[in-house]
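Structural features, examined
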Amino acid sequence: MSAVSCFSKDYAEARRKFRAAAAKAGAILKSYPHPEKGPGGEDLATDVARIGSPSAKRVLLIQSATHGVEGFCGSGAQIAWLRGGDWKRLPKGVAVVLVHAINPFGFAWVRRVTQENVDLNRNFPDFRALPKRPAYGEIQPFIFPERWDEASSAARRKAFGAFVAKHGAMALQEAISGGQYGHADGIFYGGHEPTWSHRTFKEIVARYLSKARHVAFVDLHTGLGPYGHGELISMGWPGIGQYDRNCAWYGQAVTSPEAGSSTSAKLVGLMEQALAKMLPDTTVTSVAIEYGTFPTEEVLESLMADNWLHLRGDLASPLGRAIKARIRRAFYPDEDDWKELVALKARLVFRRAAAGLAAS
Ligand SMILES: [Zn+2]
């Protein structure tokens, strides 16, 4: 099997390949149609494939495109696992649920956010007591300028430089990417209510996971860390169940934002926290694979540009097309070696997750 051929040029191709590979593996497929269309008028949906017994008590949940554009990567990893036949070697009593494109709108439109301009993985806070994120407000005018040009870029560099000099580089990354609830026209905005993708995720959890005793959740991401490296990020601390299980399953390379060992900042409003709350009698072991692409500054800059483009710019203009190419590349390098690294690491992690579940 060629790992490279498991990746796709757009959402529609990814969806076709995923459904075909899942059907060939004998999976039970179900679609959750999305209310909007893709840029080519194509239908959008979240597709779910289940492999193994519906009554399995140990379930491995593998999800792609939580952050839309990152679905180029996650879809390829899921398809590589299916086409590679790893499902034939699942330990007894372990079922797998593959969620393809939980944010199909973002995938199709090459955006990290949902159609509501919301970061899905910040869209699970307590909506009655939203986290306050004052540091983000300070820099929002530079993140979302009136015009996207050299002058606004220079102003942004200056403001960010001053912030870093005062608070440090990780504080700036946390202010930008940690999640914010005050600026609907900003980036890493967590929303004020559940998005379509949030509600769909909950439906999927209720349908596929409510009978499980132990759920392992692997969420596929890109954009942080060294090129092609798949960092395994676990929320929590040493000594806390999930973090310790992740270390036991995947080895000591597991990192944690709370422990300060991850390339990721500390985040709020996470999907995995909602998953654990939804399944109070189930052990939940969540990990994110974060595949590096390009330097963090470039990745963040591409997100600011894309946010500006969709709210204030013109998608059909030369600048609009350049910004879309930029964000696509920032989250999906589209290089053969990168895809091979992604697929290999994903298959190894999925195998370890299944083994960890079986032994639990
Ligand atoms: Zn992500």
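Throughout, residues of each chain are indexed from 1 in the direction in which the sequence is written. Totals for whole chains, interfaces and linings use all residues, but because this is a predicted model, local features are given only for residues with pLDDT of at least 70 and pairs of side-chain atoms are given and counted only at 80 or more. With hydrogens and water stripped out, all remaining heavy atoms of the structure feed into the side-chain values.

The relation between two aromatic rings is expressed through the spacing of the ring centres and the mutual angle of the planes. By convention, a stacked pair of Phe, Tyr or Trp rings (six-membered ring in the case of Trp) has centres within 6.5 Å and planes under 30 degrees apart, an edge-to-face pair has planes over 60 apart, and any other such pair is tilted. This model, assessed by the stated rule, comprises 11 aromatic pairs. With centroids separated by 5.4 Å and ring planes inclined at 75°, the aromatic side chains of Tyr11 and Phe107 adopt a geometry described as edge-to-face. One end of the pair, Tyr11, is in helix 1 (residues 11–24); the other, Phe107, is in helix 3 (residues 104–108), and 96 residues separate them in sequence. Working definition: with a 1.4 Å probe on protein chains only, accessible area under 20% of the residue-type maximum means buried, over 50% means exposed, and in between means partly exposed. The buried category is assigned to Tyr11, whose relative accessible area is 1%. What makes Phe107 buried here is its relative accessible area of 1%. Measuring from centroid to centroid gives 6.4 Å for Tyr291 and Trp338, while their planes differ by 65°, and the two rings are edge-to-face. One end of the pair, Tyr291, is in strand 7 (residues 283–292); the other, Trp338, is in helix 12 (residues 336–359), with 47 residues separating them in the sequence. Judged by its relative accessible area of 0%, Tyr291 falls in the buried class. In this structure an aromatic cluster arises from ring pairing among Phe7, Tyr11, Phe72, Phe107, Tyr291, Tyr332 and Trp338. Here, a charge over a ring means that NZ of Lys or CZ of Arg falls within 6 Å of the ring centre while also lying within 35 degrees of the ring normal. In this arrangement the basic side chain of Arg312 is found over the ring face of Phe144, its NZ or CZ atom lying 3.8 Å from the centre. Looking at Arg328, its charged tip hangs above the ring of Phe72, at a distance of 4.6 Å from the centre. Secondary structure elements are defined from DSSP: runs of H or I of at least 4 residues count as helices, runs of E of at least 2 residues count as strands, and each element is numbered from the N terminus.

To count toward a patch, a residue needs a relative accessible area above 30% and no salt bridge. Like charges then connect within 9 Å, nonpolar side chains (Val, Leu, Ile, Met, Phe, Trp, Tyr) within 5 Å. Accessible areas in this description were obtained via Shrake-Rupley with a 1.4 Å probe; residue shielding takes into account the shown protein chains only. Salt bridge, as applied in this entry: a Lys or Arg side-chain nitrogen positioned within 4 Å of an Asp or Glu carboxyl oxygen. Charge counting follows a simple rule: Lys and Arg are positive, Asp and Glu are negative, and His as well as the terminal groups are ignored. Charge positions are represented by NZ for Lys, CZ for Arg, CG for Asp and CD for Glu. There is a patch of like negative charges on the surface, built from Glu335, Asp336, Asp337 and Glu340. Structurally, the position occupied by Asp337 is in helix 12.

Protein ligation of the zinc ion involves His67 (ND1), Glu70 (OE), Glu70 (OE) and His221 (ND1), the donor distances falling in the range 2.1 to 2.7 Å. Considering all 4 donor atoms around the zinc ion, angles at the metal cover 53 to 148° and the coordination shape is irregular. Mapped onto the polypeptide sequence, the residues donating to the zinc ion form the spacing pattern H-x2-E-x150-H. Taken together, the residues span a long stretch of sequence, with His67 in the loop between strand 3 (58–63) and helix 2 (71–83) and His221 in strand 5 (residues 214–227) at a distance of 154 residues. You'll find His67 and His221 in the same group, each marked buried. Only nitrogen, oxygen and sulfur atoms qualify as donors, and only when within 2.8 Å of the metal (3.2 Å in the case of Na, K and Ca); with water excluded, sites may look incomplete. By the criteria applied here, four donors are tetrahedral when all angles lie between 85 and 135 degrees, four are square planar and six octahedral when opposite donors are over 155 degrees apart and every other angle lies between 65 and 115, and any other arrangement is irregular.

So, on to the pattern of salt bridges. Evaluation of the coordinates by the stated rule reveals 20 salt bridges. Here Arg19 ties to Asp47 by a salt bridge, and the two come within 2.9 Å at their closest N and O atoms. On the criterion of sequence distance, the pair formed by Arg19 in helix 1 and Asp47 in strand 2 (residues 43–51) is long-range, its members being 28 residues apart. Here Asp47 falls in the buried class, since its relative accessible area comes to 0%. Where Arg112 meets Asp119, a salt bridge forms, and the shortest distance between an N and an O atom there is 2.8 Å. Across the pair, Asp119 and Arg112 agree in class, each one buried. Through salt bridges that share partners, Glu70, Arg112, Asp119 and Arg122 make up one connected network.

Examined against the element boundaries, Lys92 turns out to sit in the loop between helix 2 and strand 4 (94–100). C-alpha of Lys92 to C-alpha of Arg156: the two residues are 64 residues apart in sequence and 54 Å apart in space.

With that settled, the discussion passes to the side chain of Gln180. Mapped onto the elements, Gln180 comes out in the loop between helix 6 (169–177) and helix 7 (196–208). For Gln180, a relative accessible area of 1% gives the class buried. Any pair of N or O atoms that falls within 3.5 Å is considered a polar contact. Within protein, one atom must be able to donate a hydrogen and the other to accept it, and sequence-neighbouring residues count only if both atoms are side-chain atoms. Side-chain polar atoms of Gln180 contact the backbone nitrogen of His183, separated by 2.9 Å. Among all residues touching Gln180, those that are not within four sequence positions of it are Arg133, Tyr136, Gly186, Ile187, Phe188, Tyr189 and Gly190. Two residues form a contact once any of their heavy atoms are found within 4.5 Å.

Looking now at the sheet that holds strand 6 (residues 230–233). The strands that make up a sheet pair up through hydrogen bonds in the backbone, lying either parallel or antiparallel. Two strands make a pair as long as DSSP finds a minimum of two bridges between them. Taken in spatial order, the 7 strands make up an open sheet running 1-2-4-3-5-7-6, and their pairing is mixed. The outermost strands of the open sheet, each flanked by one partner alone, are strand 1 (28–37) and strand 6. Pairs of neighbouring strands in the sheet enclose a mean axial angle of 20°, with direction left out of account. Sheet analysis places strand 1 next to strand 2, joined by 7 bridges and oriented antiparallel. Looking across to strand 2, one finds that Lys30 is bridged to Val48. With respect to the sheet, helix 2 is in contact with strand 2, strand 3, strand 4, strand 5 and strand 7, its orientation differing from that of strand 4 by roughly 145°. Think of each axis as a best-fit line through the C-alpha atoms, taken over the contacting stretch in the case of a helix, with angles from 0 to 180 degrees between the N-to-C directions.

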